[in-house]
Amino acid sequence: MRLPFLRRRPPGPLPAAAPVPLHTPGSTPAPGTVPLTVALRIAREAIGRHKDANIHSRLDMYFAAVDLDHAARLLVDALDHPQDR
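First, a word on scope: everything that follows refers to the structure included in this document. Here the residue numbering is sequential within each chain, running from 1 through the sequence in written order. For this predicted model, a pLDDT threshold of at least 70 governs which residues receive local features, and a threshold of 80 or more governs which side-chain atom pairs are given and counted, while totals over whole chains, interfaces and linings are taken from all residues. Only hydrogens and water are set aside; all other atoms, that is, all heavy atoms of the structure, feed into the side-chain values.

### Side note on the overall build of the protein chain
Stage number 1. Along its length, the protein chain carries two helices and zero strands.
Stage number 2. Each residue's exposure class comes from its accessible area (1.4 Å probe, protein chains only) as a fraction of the maximum for that residue type: buried when under 20%, exposed when over 50%, partly exposed otherwise. Buried residues in the protein chain amount to 19% of all 85 residues.
Stage number 3. Excluding contacts between residues fewer than 6 apart, the proportion of contacts in the protein chain whose partners are at least 24 apart in sequence is 71%.
Stage number 4. A total accessible area of about 7,500 Å² is found for the protein chain, and carbon and sulfur atoms account for 62% of it. Secondary structure elements follow DSSP: runs of H or I of four or more residues count as helices, runs of E of two or more count as strands, with numbering from the N terminus. Residues are treated as being in contact if the distance between any of their heavy atoms lies within 4.5 Å. Residue-level accessible areas treat just the shown protein chains as cover; the underlying method is Shrake-Rupley with a 1.4 Å probe.

Now the structure itself:
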């Protein structure tokens, strides 16, 4: 005999996640916004660090994805808020 609270419930649809924009146009720059030249240097360094990453290694791909995602977000933020132009 199974207790009622231990019964498996049928899987239901997962709620849809609300998209979060990287930037809202017309807003002030985020506190961590860096100049475009710095963002470009960070992106180039990230690409250089992971150019020889083993595509068959989950750990290598994880670190490359996180590092390159960070660099891409910095670039988008710097392009959306040009401070030095």
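### Quick look at a nonpolar patch on the surface
Stage number 1. A cluster of nonpolar residues, L59, Y62, F63 and V66, forms a patch on the protein surface that exposes about 440 Å² of accessible area.
Stage number 2. Counting through the fold element by element, L59 comes out in helix α2 (residues 58-80). Grouping into patches uses exposed residues only, defined as over 30% relative accessible area, and leaves out salt-bridged ones; the cut-off is 9 Å for like charges and 5 Å for nonpolar side chains (Val, Leu, Ile, Met, Phe, Trp, Tyr). A side-chain nitrogen of Lys or Arg and a carboxyl oxygen of Asp or Glu constitute a salt bridge if their distance falls within 4 Å.

### Describing the environment of D67
Stage number 1. As for its position among the elements, D67 is in helix α2.
Stage number 2. Under the relative-accessibility criterion, D67 is labelled buried at 18%.
Stage number 3. Sequence separation between D67 and R49 is 18 residues, and the spatial gap between their C-alpha atoms is 9.2 Å.
Stage number 4. Leave out the neighbours within four places in its chain, and D67 touches A46, R49 and H50.

### Points about the pattern of salt bridges
Stage number 1. For the structure shown, the criterion picks out three salt bridges.
Stage number 2. For D69, the salt bridge goes to R73, with nearest N and O atoms at 3.2 Å. With a gap of four residues between them, D69 and R73 both fall in helix α2, about one helical turn apart.
Stage number 3. Take D69: its relative accessible area is 39%, and that puts it in the partly exposed class.

### What to know about the packing of aromatic side chains
Stage number 1. The pairing test for Phe, Tyr and Trp rings, Trp by its six-membered ring, is centres within 6.5 Å, and the orientation test on the planes gives stacked under 30 degrees, edge-to-face over 60, and tilted for anything in between. Tallied over the entire structure, the rule returns one aromatic pair.
Stage number 2. Between Y62 and F63, the ring centres sit 5.7 Å apart and the planes meet at 65°, which makes this aromatic pair edge-to-face.
Stage number 3. Judged by its relative accessible area of 53%, Y62 falls in the exposed class.
Stage number 4. Since its relative accessible area comes to 46%, F63 is described here as partly exposed.

### Here's the deal with the nonpolar core
Stage number 1. For this analysis, a nonpolar core means a set of buried residues of the types Ala, Val, Leu, Ile, Met, Phe, Trp, Tyr and Cys, connected via side-chain atoms within 4.5 Å. V34, L36, A39, L74 and A78 together form the largest nonpolar core, which totals five residues.
Stage number 2. Of all the elements in the fold, those that place two or more residues in this core are α1 (36-49) and α2.

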